[in-house]
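# Fold and geometry: a report
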Amino acid sequence: MEYAKPYLFIRAFAFLPSLVSLIGFSAFRGVLDTVTPMKISASANLLNVIVDPILIFTMGMGVSGAALATVGAEVFSAILFMYFMLKRKLIRWSKLLKLPSWQTLQPLLKGGAALQLRNVALNLTFLAVTRVTQTIDDTGVAAAAHAMALQTFQIGGIVLLALSVVSQIMIPNEMVEKTDPITGKKSGGILATKAVVNRLMSWGFLLGGILGALQLALLPLLQKSSPLIEVREAALMPSILASVYQLMNGLVFIGEGVMVGCGSFLQLSVSTMVATAGTIIALNTLPQKYGLTGVWMGFGVFNSLRLLGVWIHQTYGPLAKRNLPTASS
């Protein structure tokens, strides 16, 4: 608490700048511009990297210096996002200083509330996993092995999560039917969107398999990240499970991105809540018998139930086969 309290107090001042940056990232993503947010994020992170050691060591501020550097980077990021959004006419000062109408605010509040519900479910899952992992033993071996397994998972997980964001961008853009003003050729629409979804899901499954195989191939190298034999042995099976799960994760992450793109926020939240309930039940039984491997089996339950939610959405949702127009229509 001695270090946490000053850090959290200073970091609290980054709440508003972080919110501005998040909105800015979403705005540029909505117009299919992912390069500008990448440049802004890279610039802000570079500033953080430069200022961090100066405040922490040169000025002797310690943990408070780290928090202050992060707040400075967040403010810098927010300023850049505001500048480029104004330049691209994505926002106007006159609108910023005006209260939105209820008609404009209502869909935002509904979607936002549903997604916040999902975030709560996700946080509950990860908190439960952390709590169970820390109670497996008093030596810290399970916690260290769990961290190694997470490192294995992140090799492919980051790529697959990025594909989820791609699907969130592509689906709503493809749903809008467009006509080329020169050729008169039409593109987009629900049939084209369904084709994009099928293609994305295929890529998700394929990449999941490739990345899972890559993780398994790199496993001997990752095992060397700990000098303790007991940690390496405890991390082996969870790391193998983390690799195998990538086959499923490719479908889950992209499928949930499709749900966001379709605006199926409530269904996504309910699916995540059901998955969280199933995971908590699994965590109360499996680790008692299988230890840390049981925790990662709980992850398998979590993503299996999420995959079931994706299947339900694609079978009965807005892009289900029965909702698609026929060739004659």
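Everything numeric in this text was worked out from a predicted model, so none of it was measured. (Residues numbered from 1 in each chain as written. Predicted model: local features only at pLDDT ≥ 70, side-chain atom pairs only at ≥ 80, totals over all residues. Heavy atoms only, no water.)

### Quick look at the overall build of the chain
Counting secondary structure elements, the chain contains 13 helices and two strands. By its C-alpha atoms, the chain is 65 × 50 × 35 Å across when sized along the principal axes. Across the 329 residues that make up the chain, the buried fraction comes to 38%. Restricting the contact set of the chain to residue pairs at least 6 apart, pairs at least 24 apart contribute 77%. Only carbon and sulfur atoms are counted for the fraction: they give 70% of the accessible area of the chain, which is about 18800 Å². Side-chain charges of the chain comprise 24 positive and 12 negative groups, with the mean position of each set lying 14 Å from the other. (Helix = DSSP H or I, 4+ residues; strand = E, 2+ residues; numbered from the N terminus. Buried < 20%, exposed > 50% of the residue type's maximum accessible area, 1.4 Å probe, protein only. Contact = heavy atoms within 4.5 Å. Areas by Shrake-Rupley, 256 points an atom, 1.4 Å probe, with all protein chains shown as cover. Lys, Arg positive; Asp, Glu negative; His and termini not counted. Charge placed at Lys NZ, Arg CZ, Asp CG, Glu CD.)

### A few points about the side chain of R29
Mapped onto the fold, R29 is located in helix 2 (residues 15-30). Of the side chains with opposite charge, D33 comes closest to the buried, unpaired R29, at an N-O distance of 11 Å. Excluding residues that lie within four positions of it along the chain, R29 makes contacts with V165, Q168 and I169. (Salt bridge = Lys/Arg side-chain N within 4 Å of Asp/Glu carboxyl O.)

### A word on the side chain of T279
Inspection of the secondary structure puts T279 in helix 11 (residues 265-283). Judged by its relative accessible area of 1%, T279 falls in the buried class. Apart from residues no more than four positions distant in its own chain, T279 is found in contact with T125, G298, V301 and F302.

### Description of the nonpolar core
Membership of the largest hydrophobic core comes to 37 residues, with the highest contact counts inside it found for I171, V258 and W296. Only helix 6 (102-134), helix 7 (141-175), helix 8 (190-223), helix 9 (229-244), helix 10 (246-261), helix 11 and helix 13 (292-316) provide two or more residues apiece to this core. It is helix 7 that provides the largest number of residues to this core, a total of eight residues. Those residues in contact with I171 that sit more than four places away from it in its chain are T193, V196, V197, L200, V258, G261 and C262. Within the second largest apolar cluster, six residues are counted, among which are F28, I40, M85 and I91. (Core = buried A, V, L, I, M, F, W, Y, C linked by side-chain atoms within 4.5 Å.)

### Some points on the pattern of salt bridges
Within the structure shown, the criterion is met by four salt bridges. Taking the shortest distance from any N to any O, the salt bridge between D33 and R88 comes out at 2.9 Å. Taken as a pair, D33 in the loop between helix 2 and helix 3 (35-58) and R88 in the loop between helix 4 (63-87) and helix 5 (93-96) lie far apart in primary sequence, 55 residues in all. Residue classification places D33 among the buried positions, given a relative accessible area of 12%.

### A closer look at a nonpolar patch on the surface
There is a patch of nonpolar side chains on the surface, built from L46, I50, I54, M59, M61 and L68 and spanning about 540 Å² of accessible area. If you tally residues by element for the nonpolar patch, the top one is helix 3, at three residues. (Patch = residues over 30% accessible without salt bridge, like charges linked within 9 Å, V, L, I, M, F, W, Y side chains within 5 Å.)

### Side note on the packing of aromatic side chains
A ring pair, where both rings are aromatic, is described by two values, the distance of the centres and the angle of the planes. For the structure shown, the criterion picks out five aromatic pairs. Taken together, a centroid distance of 4.8 Å and an interplanar angle of 50° make the contact between W296 and F299 tilted. Of the two residues, W296 and F299 are both situated in helix 13; the distance of three residues between them amounts to about one turn of the helix. Grouping residues by exposure puts W296 and F299 together as buried. (Phe/Tyr/Trp six-rings, centres within 6.5 Å; stacked < 30°, edge-to-face > 60°.)

### Remarks on unusual backbone geometry
Not every positive phi belongs to a glycine, and L32 is a case in point at roughly 65°. Its place among the elements puts L32 in the loop between helix 2 and helix 3. Classification of L32 by relative accessible area gives partly exposed; the value is 45%. The residue K89 is not glycine, and still its phi comes out positive at about 60°. A relative accessible area of 70% means that K89 is categorised as exposed.

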